[in-house]
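Residue-level structural notes
Chain residues, written in single-letter form:
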Amino acid sequence: MMDERELRALSRDIVRELGMLAGRCGEVELSPVEAHLLIELETGPASNQQLAGRLRVDKSNSSRPLQRLAERGLIAWLADPADGRSKQAELTGQGRDWLRRLHAAMDSDMARVLAQLDPPERAALEDGLRVYRRALLHADRQRGYAIRPLAAADNGELAALIRRVSAEYRLGEGCSFLDPQLDALFQVYDRPGSRYLAVIAPDGRLLGGGGIAPLAGGSTGVCELQKMYFDAALRGRGLGRRLLRLLLDEARAQGYRQCYLETTAALGEATALYASEGFVRLDAHWGDTGHGACEIAMARDL
């Protein structure tokens, strides 16, 4: 299995092979940063700050390449209609000609690469690159956030979170936010076969969490995924998938063979996440959870 050092080495090799450390993009007399700037401006004018954000660089590292592009007549500076104190870069006609040359040269390079692959390899490459890009984006969006075991001092914040999210989605009676033990969840999960993980924001607030426990009234070897709730501030960061995978790893480590859950159609994002991670819908509920309002039952092997 790939570790951090191996991923770094592979990424360096790819960057080198793509020529990102070279002074120009193949036969086109543009540096890699200049080329990226022209490509970003293809969709319309943008400020230096906007372009730096898209390229994930400091403004000082994009301002000089923009100045060089302007000196060569490839971009022009316009007044920003939304802010008279700011300027936006826009492609000139000459800049669009250079961009067409750049696309033609880069497409030719990529055609030579794709020619080395058969259709299954192309599909595998596409899937792998999309997964890698998603991981990079989520790693950046998760910066400063932590996932840790629930502590006794978290009881109040976690109960408030569950009630808040339940109200947001208008969950009714028969859902877990009405469980009598909701204000003492640390004690509930501080026992053999159970585990609860909390998601902590950079400012220390508890904004999400989820747990596993033996399925009440269920078969031996079956755990239940329970009380997985996320504040709106966490959504879109990939933390739900990461937390779910950590909980499934914990379930395997504790010897469970299957994981069961109950949810409702009102929680569409969560249901889609569970399905993408291998959970399948069941024709009937398992065990005796007491959550009659959760009409969807799902499970997966571990």
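Residues numbered from 1 in each chain as written. Predicted model: local features only at pLDDT ≥ 70, side-chain atom pairs only at ≥ 80, totals over all residues. Heavy atoms only, no water.

Right, let's talk about the nonpolar core for a bit. Counting 26 residues, the largest nonpolar core has Leu-225, Met-228, Leu-243, Leu-244, Tyr-274 and Phe-279 as the members making the most contacts within it. Of all the secondary-structure elements, those providing two or more residues to this core are β4 (195-200), β5 (206-214), β6 (222-230), α9 (239-253), β7 (258-263), α10 (268-276) and β9 (296-301). Looking at this core element by element, the count peaks at six residues for α9. (Core = buried A, V, L, I, M, F, W, Y, C linked by side-chain atoms within 4.5 Å. Buried < 20%, exposed > 50% of the residue type's maximum accessible area, 1.4 Å probe, protein only. Helix = DSSP H or I, 4+ residues; strand = E, 2+ residues; numbered from the N terminus.)

The volume enclosed by the largest pocket comes to roughly 2,000 Å³. In terms of lining residues, the largest pocket is bounded by 43 residues, among which Ile-14, Leu-18, Met-20, His-36 and Leu-129 are the most central. For the lining of the largest pocket, the secondary-structure elements that each account for two or more residues are α1 (4-17), α2 (32-41), α3 (48-55), α5 (93-114) and α6 (119-141). Sorting elements by how many residues they give to the lining of the largest pocket places α5 first, with nine residues. When the residues that make up the lining of the largest pocket are grouped by side-chain class, the tally is 22 nonpolar, seven polar and 14 charged. What lines the second largest pocket is a set of 21 residues, among which Leu-7, Ala-135, Ala-139, Arg-242 and Arg-245 lie closest to the centre. Of all the secondary structure elements, the ones that give two or more residues to the lining of the second largest pocket are α1, α6 and α9. Broken down by element, the residue count for the lining of the second largest pocket peaks at eight residues, all from α6. Split by residue class, the lining of the second largest pocket holds nine nonpolar, three polar and nine charged. (1 Å grid on protein atoms, 1.4 Å probe; cavity = no way out; pocket = protein on both sides within 12 Å on 5 of 7 lines; lining within 4 Å. Points joined across faces, edges and corners; volume = space filled by probe spheres on them. Nonpolar A, V, L, I, M, F, W, Y, C, P; charged D, E, K, R; others polar.)

On the basis of which strands lie adjacent, the open sheet formed by seven strands has the order β3-β4-β5-β6-β7-β9-β8 and mixed pairing. Both outer strands of the open sheet, β3 (146-149) and β8 (280-281), are each paired with one neighbouring strand and no more. Relative to β6, β5 runs antiparallel, the two being bridged by six bridges. The residue bridging Pro-214 from the neighbouring strand is Cys-223, located in β6. Relative to the sheet, α9 contacts β3, β4, β5, β6, β7 and β9, its axis offset from that of β6 by approximately 155 degrees. (Pairing = 2+ DSSP bridges. Contact = heavy atoms within 4.5 Å. Axes fitted to C-alpha atoms, helices over the stretch in contact; angles between N-to-C directions.)

To continue, consider helix α4 (residues 59-71). The end-to-end C-alpha distance of α4, which contains 13 residues, comes to 18 Å, matching closely the 18 Å that a straight helix rising 1.5 Å per residue would cover. Where α4 is concerned, the buried positions are Ser-62, Pro-65, Leu-66 and Leu-69. Down the axis of α4, the smallest arc covering the buried residues is 105 degrees, so these residues share one side. Pointing more than 90 degrees away from the buried face of α4 are the exposed residues Arg-64 and Glu-71. Close packing links the buried residues of α4 with α2, α3, β1 (75-80) and β2 (83-91). Positive backbone phi, approximately 75 degrees, marks Gly-73, located one or two places after α4. (Expected span 1.5 Å × (residues − 1). Arc of directions from axis to C-beta.)

Attention now goes to the pairing of β4. Each regular strand shows side chains that alternate between the opposite faces of the sheet. Most of β4 is tucked away: five of the six residues are buried. Relative to β4, β3 runs antiparallel, the two being bridged by four bridges. What sits directly across from Arg-148, in β4, is Ala-198. Here β4 runs beside β5; their pairing, made up of six bridges, is antiparallel. Looking at the pairing, Ala-198 lines up with Gly-209 of β5. In this antiparallel pair of consecutive strands, β4 and β5, the connection spans five residues, and Gly-204 shows a positive phi of 95 degrees.

In this section: the side chain of Asp-80. Within the element layout of this structure, Asp-80 appears in strand β1. For Asp-80, a relative accessible area of 14% gives the class buried. Residues in contact with Asp-80, not counting those within four places in the same chain, are Ser-86, Lys-87 and Gln-88.

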